[in-house]
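Chain and residue survey
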Amino acid sequence: MNSITPSAIDSPTFQSLPEKFGIDPTVFNQQFYGKCLKRLDKVDEIANTTIFLASDLCQFMTDVNLIVDGGYTIV
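Residues numbered from 1 in each chain as written. Predicted model: local features only at pLDDT ≥ 70, side-chain atom pairs only at ≥ 80, totals over all residues. Heavy atoms only, no water.

**Thoughts on the pattern of salt bridges**
Taken as a whole, this structure holds 1 salt bridge when the rule is applied. Note that glutamate 45 and arginine 39 form a salt bridge whose closest N and O atoms lie 2.6 Å from each other. (Salt bridge = Lys/Arg side-chain N within 4 Å of Asp/Glu carboxyl O.)

Written out as structure tokens, the structure reads:
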């Protein structure tokens, strides 16, 4: 079984987190946007990865976790 581990996905819910938890938006943005690609995942990027895993292009890939985070975890 394959799996996908995305980072934070750009959405209205995610954008509302600093206000909801009383976090300084500048600090919040530095934490999530200040890494490799300097942006969040987009829904279609995760969808495309899912389609790839379900396609015939991925027939021989097994037991893999694809980290789709724009390099966030390697920094």
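Okay, back to it.
**Points about the environment of alanine 8**
For alanine 8, the location among the structural elements is in the loop between strand E1 (3-6) and helix H1 (12-15). It is 9.9 Å that separates the C-alpha atoms of alanine 8 and tyrosine 33, two residues lying 25 residues apart in sequence. Those residues within four positions of alanine 8 in sequence are excluded, and the remaining contacts are Phe14, Phe32, Leu40 and Asp41. (Helix = DSSP H or I, 4+ residues; strand = E, 2+ residues; numbered from the N terminus. Contact = heavy atoms within 4.5 Å.)

**Section: unusual backbone geometry**
Most peptide bonds take the trans form, and the phi angle of most residues other than glycine is negative. In this model, lysine 38 sits at a positive phi of 55 degrees, which is unusual for a non-glycine residue. Tracing the backbone through its elements, the reader meets lysine 38 in the loop between helix H3 (25-33) and helix H4 (43-54). Of note, the phi angle at aspartate 63 is positive, near 55 degrees, even though the residue is not glycine. Turning to its location among the elements, aspartate 63 is positioned in the loop between H4 and strand E2 (65-68). Judged by its relative accessible area of 64%, aspartate 63 is exposed. (Buried < 20%, exposed > 50% of the residue type's maximum accessible area, 1.4 Å probe, protein only.)

**Describing the side chain of threonine 49**
Within the secondary structure layout, threonine 49 lies in helix H4. Overall, threonine 49 belongs to the buried group, its relative accessible area being 13%. A polar contact is formed between the side chain of threonine 49 and the backbone oxygen of glutamate 45, at a distance of 2.9 Å. The contact partners of threonine 49, leaving out residues within four places of it in the chain, are Ile4, Leu66 and Val68. (Polar contact = N/O pair within 3.5 Å; in protein donor to acceptor, adjacent residues only side chain to side chain.)

**Topic: H4**
Given 3.6 residues to a turn, an α-helix orients residues that are three or four positions apart in the same direction. Helix length check: H4 (12 residues) gives 17 Å between terminal C-alpha atoms against 16 Å at 1.5 Å per residue, within 8%. Listed as buried for H4 are Ile46, Thr49 and Leu53. Here the buried residues of H4 occupy an arc of 60 degrees about the axis, which is enough to place them on one side. Facing away from the buried surface of H4 by more than 90 degrees, the exposed residues are Val43, Ile51 and Ala54. Close packing links the buried residues of H4 with E1 and E2. (Expected span 1.5 Å × (residues − 1). Arc of directions from axis to C-beta.)

**Some remarks on a nonpolar patch on the surface**
Among the surface-exposed residues, Phe21, Ile23 and Val27 lie close enough to one another that they form a single nonpolar patch of about 280 Å² accessible area. If you trace the backbone, isoleucine 23 turns up in the loop between helix H2 (17-21) and H3. (Patch = residues over 30% accessible without salt bridge, like charges linked within 9 Å, V, L, I, M, F, W, Y side chains within 5 Å. Areas by Shrake-Rupley, 256 points an atom, 1.4 Å probe, with all protein chains shown as cover.)

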